[in-house]
Amino acid sequence: MMSPFPLLLVSILFSALQAKQFTKCSLSQELNDLAGYRNITLPEWICIIFHISGYDTQTIIRNNGNTEYGLFQINDKDFCDSSQNLQSRNICDISCDKFLDDDLTDDIMCAKKILDIKGIDHWLAHKPLCSDKLEQWYCKVL
């Protein structure tokens with residue numbers, strides 16, 4: 001009988017290859033399409049994402065019976081479909097797992113829908129941490 005260890009190892013390595021840990025500047029470049037949408041600045045987004053996911057695409061947080069996924073911590077109660085929450089409204093019409101890879105196209109699309117529906121204060125870090133004094137969140141390329 002074959003050991004399940006090689007399959008587990010391949011699975012872990014494949015997941016690690018799809019994950020991405022951004023820096024402030026690399027994320028700023030990726031989020032250009034989001035800058036200015038609904039008058040939210042790029043430094044506000046960089047600050048929010050730092051506080052909710054640490055710039056890590058693989059971040060998953062379980063919170064009050066719901067699960068939040070990826071850089072933007074998009075929840076499976078309202079915005080994406082997961083096996084964890086069969087009652088999801090799935091407003092973004094996407095699997096939550098898509099928010100865990102390094103392709104931010106679908107993440108940004110869903111973040112825009114969240115902004116349209118709930119506004120920036122949907123992300124609880126915004127008001128207390130990311131609404132003013134944003135100088136540190138600008139990317140300064142030397």
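If you check an unreviewed UniProt entry, the protein appears there as Alpha-lactalbumin from Heterocephalus glaber. UniProt, in the comment section headed Subcellular location (unreviewed entry), describes the protein in these words: "Secreted". According to the UniProt record, the Sequence similarities (unreviewed entry) comment for the protein reads "Belongs to the glycosyl hydrolase 22 family."

(A) Looking closely at the nonpolar core. Counting residues in hydrophobic clusters, the biggest one holds 36 residues, and the most contacted among them are Leu27, Leu31, Trp45, Phe72, Ile74 and Trp123. Looking at this core, the elements that each hand over two or more residues are helix H3 (42-53) and helix H4 (105-118). Looking at which element gives the most residues to this core, the answer is H3, with 7 residues. Not counting the four nearest positions on each side in its chain, Phe72 is found in contact with Leu31, Leu34, Trp45, Ile49, Ile52, Asp107, Ile108, Ala111 and Trp123.

(B) Up close: the UniProt feature "domain: Glycosyl hydrolases family 22 (GH22)" (unreviewed entry) in the protein. The UniProt feature table records "domain: Glycosyl hydrolases family 22 (GH22)" (unreviewed entry) at residues 92-110. Regarding residues 92-110, the helix share stands at 32% and the strand share at 0%, and the terminal C-alpha atoms are separated by 6 Å.

(C) Main features of unusual backbone geometry. You will see that Tyr55, though not glycine, has its phi angle at about 65 degrees, which is positive. Within the fold, Tyr55 resides in the loop between H3 and strand S1 (60-63). Backbone geometry at Asp93 places phi at a positive 55 degrees, although glycine is not the residue there. Within the fold, Asp93 resides in the loop between strand S3 (74-75) and H4. Among the residues examined, Asp93 registers a relative accessible area of 66% and is labelled exposed.

(D) Representation of the environment of Leu115. Mapped onto the elements of the fold, Leu115 is located in helix H4. Taking C-alpha positions, Leu115 is 8.7 Å from Tyr37, a pair spaced 78 residues apart along the chain. Non-local contacts of Leu115, meaning those with residues more than four positions away in its chain, are made with Tyr37, Arg38, Ile40, Trp45, Ile120 and Trp123.

What counts, and at which threshold
- Residues numbered from 1 in each chain as written.
- Predicted model: local features only at pLDDT ≥ 70, side-chain atom pairs only at ≥ 80, totals over all residues.
- Heavy atoms only, no water.
- UniProt positions renumbered as here; feature names shortened; annotations may be inferred.
- Core = buried A, V, L, I, M, F, W, Y, C linked by side-chain atoms within 4.5 Å.
- Buried < 20%, exposed > 50% of the residue type's maximum accessible area, 1.4 Å probe, protein only.
- Helix = DSSP H or I, 4+ residues; strand = E, 2+ residues; numbered from the N terminus.
- Contact = heavy atoms within 4.5 Å.

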